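Below are the chains, spelled out letter by letter.
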Amino acid sequence: MAKIISLTGDLGSGKSTVSSILCDRLKYDYIYTGEIQRRIAAKYNMTTTELNKYSETHPEIDREIDSTFKSLNDSENLIVDSRLAWFFIPASFKVFLKTNLFVSAERIAGDTKRKSESYESKEDAAYHIIARKTSENKRYGDLYGADCSNLNNFDMVVDTSFVEPERVAGIILEAYGRRTIPQKGTLSLVSPKNLYPTRSVGDSCHEECYKNILNNMKDNGYDPAYPVTVVTVDSFDYILDGHKRTSCALKNNIDLIPMIYKDLSTCKESVPKVAGQALFRDWENFHSFKYLIYPVI
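A brief structural summary. Throughout, a residue's number is its position along its own chain's written sequence, starting from 1. Under the rules for a predicted model, residues below a pLDDT of 70 receive no local features and side-chain atom pairs below 80 are neither given nor counted, while totals for whole chains, interfaces and linings still include all residues. With hydrogens and water excluded, all non-hydrogen atoms of the structure serve as input to the side-chain values.

**Brief notes about the pattern of salt bridges**
Right, so step 1: By definition, a salt bridge exists where a carboxyl oxygen of Asp or Glu is found within 4 Å of a side-chain nitrogen of Lys or Arg. Per the counting criterion, the structure on display carries ten salt bridges.
Right, so step 2: Of the charged contacts, one joins Lys27 and Asp24 as a salt bridge, the two residues approaching to 3.9 Å between their closest N and O atoms. Judged on exposure class, the residue Lys27 and its partner Asp24 are both exposed.
Right, so step 3: The closest approach of N and O atoms between Asp155 and Lys94, which form a salt bridge, is 3.5 Å. Remark: Lys94 occurs in strand 4 (residues 93-98) and Asp155 occurs in the loop between helix 7 (122-144) and strand 5 (156-159); sequence separation between them is 61 residues. The same class applies to Asp155 and to Lys94, which are both buried. The buried label goes to any residue with under 20% of its type's maximum accessible area, the exposed label to any with over 50%, and the partly exposed label to all in between, with areas taken from a 1.4 Å probe on protein chains only. Secondary structure elements follow DSSP: runs of H or I of four or more residues count as helices, runs of E of two or more count as strands, with numbering from the N terminus.

Okay, structure coming up:
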């Protein structure tokens, strides 16, 4: 595997901050889409704004940007922050930073660099983010056959919603250090507060069962041997298997738990039939917390 970490992720997921920490710790160079765009803009004696406008009718600009990332395959000691870096640099250690939609909206609202992105409310912003992700995923799928919505395309997924960037970087570095060991599937670490149930709280377990499960959740839940199975529908993660582990994590304030993603096509239609607002409220009341945002079902 090349000595390159490629990062992509949700809006407001902290990609640039985490990239900076990784570069500092590894002494790697940092390459990101904005830098490539500035280089190409300078080549054509344009500002980046002018280049973006120009590229709307000149697809060769996108191809030039893409070819720049493709050329990095033979490089080493790089952190590459780009939406499609995982696709164009397949030998890289591919990381996706996942974030709660409401947290993304809050971070975007507080980012002075995003003044052009204004919304009526954080809820409005969150649902606009869903629409934007859907549109971008379709575009990249049509252009390159790249399925950005399938998180199993990555070596690692980390939920940054409630975890500090320093810890996120540490988790990535630990996994990156083991990258030469063959790994089956994607290592995904997510917050149990971002998982939505498809079973009632009556199916949860009693306190003695919590103790037994907790004993198996080594290293504060960071044990991929006991993953929760999840499916993503319209940017929301639903629990298919592992309600008891998720419940135990919530009861014991464990912030990240291992997860595996199931193919959406096998269960998309069934999830809304068993999930709903009443079920979510019961789950919240049982575990004494509140979701930041609810799926529209």
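**Observations regarding the environment of Lys133**
Right, so step 1: Of note, Lys133 is situated in helix 7.
Right, so step 2: A residue is classified by how much of its surface remains accessible, and Lys133, at 19% relative accessible area, is buried.
Right, so step 3: For the pair formed by Lys133 and Asp10, sequence separation is 123 residues and the distance between their alpha carbons is 8.3 Å.
Right, so step 4: Any two residues whose heavy atoms approach within 4.5 Å are treated as being in contact. Look past the residues within four positions of Lys133 in its chain and what remains in contact with it is Asp10 and Ser235.
Right, so step 5: We define a polar contact as two N or O atoms separated by no more than 3.5 Å, with the added condition that, inside protein, one atom must be a possible hydrogen donor and the other a possible acceptor, whereas residues neighbouring each other in sequence contribute only through side-chain atom pairs. Of the polar contacts made by the side chain of Lys133, one reaches the side chain of Asp10; its length is 3.2 Å.
Right, so step 6: In terms of polar contacts, Lys133 uses its side chain to reach the side chain of Ser235, at 3.4 Å.

**A look at the nonpolar core**
Right, so step 1: Within the largest apolar cluster, 55 residues are counted, with the highest numbers of intra-cluster contacts made by Phe69, Val80, Leu195 and Tyr238.
Right, so step 2: Among residues more than four places away in sequence, those in contact with Val80 are Ile4, Ile5, Ser6, Leu7, Ile31, Phe69, Leu72, Ala85 and Ile89. Among buried residues, those of type Ala, Val, Leu, Ile, Met, Phe, Trp, Tyr and Cys that are joined through side-chain atoms within 4.5 Å constitute a nonpolar core.

**A closer look at the pairing of strand 6 (residues 187-190)**
Remark: a regular strand shows side chains that alternate across the two faces of the sheet.
Right, so step 1: Of the two faces of strand 6, the one carrying Leu187 and Leu189 and the one carrying Ser188 and Val190 are both buried.
Right, so step 2: Judged from the three bridges that link them, strand 6 and strand 10 (residues 257-261) form a sheet pairing that is antiparallel. Paired with Leu189 across the strands is Pro258, a residue of strand 10. Think of it this way: DSSP has to see at least two bridges between two strands before they count as a pair.

**Topic: the packing of aromatic side chains**
Right, so step 1: Each Phe, Tyr or Trp ring (for Trp, its six-membered ring) is paired with any other whose centre lies within 6.5 Å, and the angle between the two planes then decides the class: stacked below 30 degrees, edge-to-face above 60, tilted in between. Following the criterion strictly, the structure yields 16 aromatic pairs and no others.
Right, so step 2: Judged by centre distance (4.9 Å) and plane angle (20°), the ring pair of Tyr30 and Tyr32 falls under stacked.
Right, so step 3: With relative accessibility at 26%, the residue Tyr32 sits in the partly exposed group.
Right, so step 4: Of the aromatic side chains, those joined through ring pairs into one cluster are Tyr196, Phe236, Tyr238, Phe280, Phe289, Tyr291 and Tyr294.

In short, the description is geometric, and any link to function would need to be established separately.
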